[in-house]
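# Structural features, examined
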Amino acid sequence: DTAVSQTPKYLVTQMGNDKSIKCEQNLGHDTMYWYKQDSKKFLKIMFSYNNKELIINETVPNRFSPKSPDKAHLNLHINSLELGDSAVYFCASTPKRGRPNTGELFFGEGSRLTVL
Amino acid sequence: GENVEQHPSTLSVQEGDSAVIKCTYSDSASNYFPWYKQELGKRPQLIIDIRSNVGEKKDQRIAVTLNKTAKHFSLHITETQPEDSAVYFCAAGNTDKLIFGTGTRLQVFP
């Protein structure tokens, strides 16, 4: 059983295209995140959703639009892809926000996006 | 803004030696300090964490120390093994939002 699963694992596309990455967690967690890991391995938070509500948006360009249809799913849509968007995108989840919470982030396997 | 600095960026040790990775953070409101290990091509995974009401925590060969006054925290790995080779990330924040350090690539040579 995969706790946090992302699709696709690999994505190669041309500049200017639009693409989506999907994430699902079966842990019953309320909070989900998108992190970006660039070629230097820096892990940066992009977005956080708590029970379908956006709670963190780290000044990510408007070309990135997250969507959470329910608390088990968090998708990321990227418009007009640029070379600098090439990275590994990690989805993650944690248990209920604000309540006794271990704080542990459960990461998906990552989606490697390559923009040519 | 919030910032977490991590040193060194690379660390090479002989099997059996100890390894120490250090981090400093800027946000004094941070109360949660986890460490993640990321093996090549894999996802980051939590290995140990510490909260602001504790100064030290140990789990077998791994220990973390926290100095809230100085805003420093460190990871100590003793008796290193080749399978400890990975990228290690510190992070600081709270259980809703974490800022990660820049990572340390640890190589343990047999």
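See the structure shown above.
One structure accompanies this document, and this report is about it.

Calculation notes
- Residues numbered from 1 in each chain as written.
- Chains lettered and ligands numbered in written order.
- Predicted model: local features only at pLDDT ≥ 70, side-chain atom pairs only at ≥ 80, totals over all residues.
- Heavy atoms only, no water.
- Disulfide = S-S within 2.5 Å.
- Helix = DSSP H or I, 4+ residues; strand = E, 2+ residues; numbered from the N terminus.
- Buried < 20%, exposed > 50% of the residue type's maximum accessible area, 1.4 Å probe, protein only.
- Pairing = 2+ DSSP bridges.
- Axes fitted to C-alpha atoms, helices over the stretch in contact; angles between N-to-C directions.
- 1 Å grid on protein atoms, 1.4 Å probe; cavity = no way out; pocket = protein on both sides within 12 Å on 5 of 7 lines; lining within 4 Å.
- Points joined across faces, edges and corners; volume = space filled by probe spheres on them.
- Nonpolar A, V, L, I, M, F, W, Y, C, P; charged D, E, K, R; others polar.
- Salt bridge = Lys/Arg side-chain N within 4 Å of Asp/Glu carboxyl O.
- Contact = heavy atoms within 4.5 Å.
- Buried area = accessible area lost by both parts, 1.4 Å probe.
- Polar contact = N/O pair within 3.5 Å; in protein donor to acceptor, adjacent residues only side chain to side chain.

### Considerations on the state of the cysteines
A complete count under the given rule lists 2 disulfides over all chains for this structure. Shown here is the disulfide that connects C23(A) with C91(A), its sulfur atoms set 1.9 Å apart. Negative torsions about the S-S bond denote left-handed disulfides, and the value of about -80 degrees found for C23(A) with C91(A) makes this one left-handed. Remark: C91(A) occurs in strand β9 (residues 87–94) and C23(A) occurs in strand β3 (residues 19–25); sequence separation between them is 68 residues. A residue is classified by how much of its surface remains accessible, and C23(A), at 2% relative accessible area, is buried. Sulfur-sulfur distance for the disulfide between C23(B) and C90(B) comes to 2.0 Å. Negative torsions about the S-S bond denote left-handed disulfides, and the value of about -100 degrees found for C23(B) with C90(B) makes this one left-handed. Here C23(B), found in strand β3 (residues 19–25), pairs with C90(B), found in strand β9 (residues 86–93); they are 67 residues apart in sequence, far enough to count as distant.

### Let's talk about the sheet that holds strand β8 (residues 72–77) of chain B
Two strands in a sheet stick together by hydrogen bonds in their backbones, pointing the same way (parallel) or opposite ways (antiparallel). Residue and element names in this part refer to chain B. Judged by pairing direction, the sheet is antiparallel, and its 5 strands sit side by side in the order β1-β3-β8-β7-β6 without closing on themselves. The open sheet is flanked by β1 (4–7) and β6 (56–59), the only strands paired with a single partner. Ignoring strand direction, the axes of neighbouring strands in this sheet form an average angle of 15 degrees. Alignment of β6 against strand β7 (residues 62–67), held across 4 bridges, turns out to be antiparallel. Bridging across to β7, K57 finds its partner in V64.

### Details of the layout of surface pockets
Here the largest pocket is characterised by a volume of approximately 530 Å³. K36(A), F42(A), L43(A), K44(A) and I45(A) are, among the 21 residues lining the largest pocket, the residues nearest its centre. It is strand β5 (residues 43–50) of chain A that provides the largest number of residues to the lining of the largest pocket, a total of 4 residues. Residues that form the lining of the largest pocket fall into these classes: 11 nonpolar, 4 polar and 6 charged. Element by element, the count of residues in the lining of the second largest pocket is highest for strand β11 (residues 104–109) of chain B, at 3 residues.

### Considering the pattern of salt bridges
When the charged atoms of two side chains with opposite charge come close together, those side chains can pair. One pass over the structure, following the stated rule, counts 9 salt bridges over all chains. Its salt-bridge partner being K97(B), residue E58(A) comes within 2.7 Å of it at the nearest N-O pair. In this pair, E58(A) sits in the loop between β6 (53–57) and β7 (64–70) while K97(B) sits in the loop between β9 and β10 (98–100), so the two residues belong to two different chains. When its relative accessible area of 27% is taken as the criterion, E58(A) is described as partly exposed. As a salt-bridge pair, R43(B) and E109(A) come within 3.1 Å of each other at their nearest N and O atoms. In this pair, R43(B) is assigned in the loop between β4 (32–38) and β5 (45–51) and E109(A) in the loop between β10 (106–107) and β11 (111–115), connecting two distinct chains. In the salt-bridge network here, residues are joined through shared partners; they are K9(A), E109(A) and R43(B).

### Comments concerning the interface of chain B and chain A
Chain B puts 17 residues into the contact, and the matching count from chain A is 22 residues. A combined buried area of about 1,800 Å² lies between chain B and chain A, and 53% of that area is made up of carbon and sulfur atoms. For the interface between chain B and chain A, the tally reads 2 salt bridges. Along the contact surface separating chain B from chain A lie 5 residue pairs in polar contact (both at pLDDT 80 or more). Among the secondary structure elements, those contributing two or more residues to the side of chain B that touches chain A are β4, β5 and β10 of chain B. Across the side of chain B that touches chain A, the residue classes break down as 7 nonpolar, 3 polar and 7 charged.

These values are about where atoms sit, not about what they do.
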